[in-house]
Amino acid sequence: MEIREKGSEFLREELQRAQKELRLKDAECARLCRVREQLERELEELTASLFEEAHKMVREANVKQAASEKQLKEARGKIDMLQAEVTALKTLVITSTPASPNRELHPQLLSPTKAGLRKGHARHKSTSSALCPAMCPTTGQGLAQDKEGREVDTTLFAEFQAWRAAPTLDKACPFLDRVYREDVGPCLDFTMRELSVLVRGAVEDNTLTIEPVASHAQPSARAAAVECGRPSTCALSGLTSPCRHRIRLGDSESHYYISPSSRARITAVCNFFTYIRYIQQGLVRQDVEPMFWEVMRLRKEMSLAKLGFCPQEA
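Nothing here was measured: the structure is a model prediction, and the numbers come from that model. (Residues numbered from 1 in each chain as written. Predicted model: local features only at pLDDT ≥ 70, side-chain atom pairs only at ≥ 80, totals over all residues. Heavy atoms only, no water.)

1. Focus on the overall build of the protein chain
Turning to step 1, where the next piece is worked out: When helices and strands are tallied, the protein chain shows nine helices and four strands.
Turning to step 2, where the next piece is worked out: Helices and strands in the protein chain line up, N terminus first, as α-α-α-α-α-α-β-α-β-β-β-α-α.
Turning to step 3, where the next piece is worked out: Counting only residues that meet the buried cut, the protein chain has 29% of its 314 residues in that class.
Turning to step 4, where the next piece is worked out: The long-range fraction of contacts in the protein chain, counting pairs at least 24 apart against all pairs at least 6 apart in sequence, stands at 63%.
Turning to step 5, where the next piece is worked out: Summed over its atoms, the accessible surface of the protein chain is roughly 20800 Å², and 57% of this surface lies on carbon and sulfur atoms. (Helix = DSSP H or I, 4+ residues; strand = E, 2+ residues; numbered from the N terminus. Buried < 20%, exposed > 50% of the residue type's maximum accessible area, 1.4 Å probe, protein only. Contact = heavy atoms within 4.5 Å. Areas by Shrake-Rupley, 256 points an atom, 1.4 Å probe, with all protein chains shown as cover.)

2. Some details on the packing of aromatic side chains
Turning to step 1, where the next piece is worked out: For the coordinates displayed, the defined rule picks out eight aromatic pairs.
Turning to step 2, where the next piece is worked out: Between Phe272 and Phe273 the ring centres are 5.6 Å apart and the planes differ by 75 degrees, which places this aromatic pair in the edge-to-face class.
Turning to step 3, where the next piece is worked out: Above the face of the Tyr180 ring, Lys171 is positioned so that its terminal group lies 5.4 Å from the ring centre. (Phe/Tyr/Trp six-rings, centres within 6.5 Å; stacked < 30°, edge-to-face > 60°. Lys NZ or Arg CZ within 6 Å of the ring centre and 35° of its normal.)

3. As for the side chain of Arg248
Turning to step 1, where the next piece is worked out: With respect to the element layout, Arg248 can be found in strand S3 (residues 245-249).
Turning to step 2, where the next piece is worked out: For the buried Arg248, no salt bridge is present, and the opposite-charge side chain at shortest range is Glu74, 4.3 Å distant.
Turning to step 3, where the next piece is worked out: Looking at Arg248, its side chain comes within polar contact range of the main-chain oxygen of Gly250, at 3.1 Å.
Turning to step 4, where the next piece is worked out: Not counting the four nearest positions on each side in its chain, Arg248 is found in contact with Glu74, Thr207, Leu208, Thr209, Glu253, Ser254 and His255. (Lys, Arg positive; Asp, Glu negative; His and termini not counted. Salt bridge = Lys/Arg side-chain N within 4 Å of Asp/Glu carboxyl O. Polar contact = N/O pair within 3.5 Å; in protein donor to acceptor, adjacent residues only side chain to side chain.)

4. Overview of the nonpolar core
Turning to step 1, where the next piece is worked out: Grouped together as the largest cluster of nonpolar side chains are 49 residues, with contacts concentrated most on Val199, Leu208, Ile247, Ile266 and Phe272.
Turning to step 2, where the next piece is worked out: Looking at this core, the elements with two or more residues in it are helix H4 (154-165), helix H5 (174-187), helix H6 (193-205), strand S1 (208-212), S3, strand S4 (254-258), helix H8 (260-280) and helix H9 (288-306).
Turning to step 3, where the next piece is worked out: At 10 residues, the largest contribution of residues to this core is made by H8.
Turning to step 4, where the next piece is worked out: Once residues within four sequence positions are removed from consideration, Ile266 is found in contact with Leu188, Phe190, Val199, Val203, Leu208, Ile210, Leu236, Ile247 and Ile258. (Core = buried A, V, L, I, M, F, W, Y, C linked by side-chain atoms within 4.5 Å.)

5. Some remarks on the packing of H4 against H9
Packed helix pairs are characterised by how far apart their axes lie and by the angle those axes make with each other.
Turning to step 1, where the next piece is worked out: Packing of H4 against H9 brings their axes to within 11 Å, and their N-to-C directions diverge by 115 degrees. Overall, the two elements H4 and H9 adopt an arrangement that is roughly perpendicular. H9 is crossed by H4, and the crossing has right-handed handedness. Touching Leu156, Phe157, Phe160, Gln161 and Arg164 of H4 are Val288, Glu289, Met291, Phe292, Val295, Met296 and Arg299, all from H9. (Axes fitted to C-alpha atoms, helices over the stretch in contact; angles between N-to-C directions. Parallel < 35°, antiparallel > 145°, perpendicular 65-115°, else oblique. Left-handed = near helix turned anticlockwise from the far one by under 90°.)

6. Thoughts on the pairing of S3
Turning to step 1, where the next piece is worked out: Of all five residues that make up S3, five are buried, and the element is covered over most of its length.
Turning to step 2, where the next piece is worked out: Residues of S3 alternate between two faces, with His245, Ile247 and Leu249 on one and Arg246 and Arg248 on the opposite face, all of them buried.
Turning to step 3, where the next piece is worked out: Note: S1 against S3, five bridges, orientation antiparallel. What sits directly across from Pro212, in S3, is His245. (Pairing = 2+ DSSP bridges.)

7. Description of the environment of Arg277
Turning to step 1, where the next piece is worked out: With respect to the helices and strands, Arg277 occurs in helix H8.
Turning to step 2, where the next piece is worked out: Owing to a relative accessible area of 12%, Arg277 belongs among the buried residues under this scheme.
Turning to step 3, where the next piece is worked out: Along the chain, Arg277 and Leu169 lie 108 residues apart, while their C-alpha atoms are 7.9 Å from each other.
Turning to step 4, where the next piece is worked out: If we ignore the near neighbours within four places in the chain, the residues touching Arg277 are Leu169, Val203, Glu204, Asp205 and Asn206.

8. Things to note about a negative patch on the surface
Turning to step 1, where the next piece is worked out: A contiguous patch of negative charge on the surface is contributed by Glu37, Glu40, Glu42, Glu44 and Glu45.
Turning to step 2, where the next piece is worked out: Here Glu37 lies in helix H1 (residues 2-77). (Patch = residues over 30% accessible without salt bridge, like charges linked within 9 Å, V, L, I, M, F, W, Y side chains within 5 Å. Charge placed at Lys NZ, Arg CZ, Asp CG, Glu CD.)

9. As for the pattern of salt bridges
Here the idea is simple: oppositely charged side chains can pair when their charged atoms come close.
Turning to step 1, where the next piece is worked out: Tallying each qualifying case throughout the model produces 14 salt bridges.
Turning to step 2, where the next piece is worked out: The shortest N-O distance in the salt bridge between Lys70 and Glu253 comes to 3.3 Å. Taken as a pair, Lys70 in helix H1 and Glu253 in the loop between S3 and S4 lie far apart in primary sequence, 183 residues in all.
Turning to step 3, where the next piece is worked out: Judged by relative accessible area, which is 31%, Glu253 ranks as partly exposed.
Turning to step 4, where the next piece is worked out: Salt-bridge contacts for Arg297 lead to Glu294; the nearest nitrogen and oxygen are separated by 2.6 Å.

Honestly, it's all geometry; don't read function into it.
Below, the structure written as structure tokens:
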């Protein structure tokens, strides 16, 4: 009996010890499970954070790329307008060469009478027939012809002189009213009337952009703008013609394909507005008669462009 009791007691102690170890192992297993779950949650959060950051970086890169492409296209699109302005600025440059000296820059080449008047400033330009070959239209006398055989129209010259005294872009003044009626209006009067009105407004506001059509442009670059019409059909005239240029009105993303003839007409009007804006801003340092003849030349370009005589480079 004593032996059995000792054996039973020993077995109970062993059972208790085993149960205690089992409880410790269960607690350890539970702790490890909690650790594993926490690590899995942290890993998921880290993975999600990394993916979100990666997507954010990709979005920012795409936005910057789109902005850069837009700025590049806008810069290329202004090349045409800048070239037109350079052409207008060339007319403002006064040159003097040994073969063709400029008498305004070299007073010693003037006759003694003219030189004396210029040196002493005895008379005002507007009252001196020696300094200006054109007579005042109010006298009723004709204006002298220049070396090219051109004769000034007294009515046109009087209107331009009045405008030159107080330059403005108001279409109500007689000078601009005549130019709008006789040149600008007909030159920008295309078959597609609704678009013609928008083009005319953009030209007047100096917000029209002309850019060459890049046939090798990448699809992503083409998708950034809304193409209107087809490269083989002019959006202004509606005629089938190879359109090597397109226009954009203001900040609009829409582009319209235009034919060489339509581009020449728009460019001629833009050249005129560029020149009169330079006069209004005081950038043209010339007498009134050279300004007048430059305006007449620009009006002639608008008339020729309206009749379809466009330069080959257009």
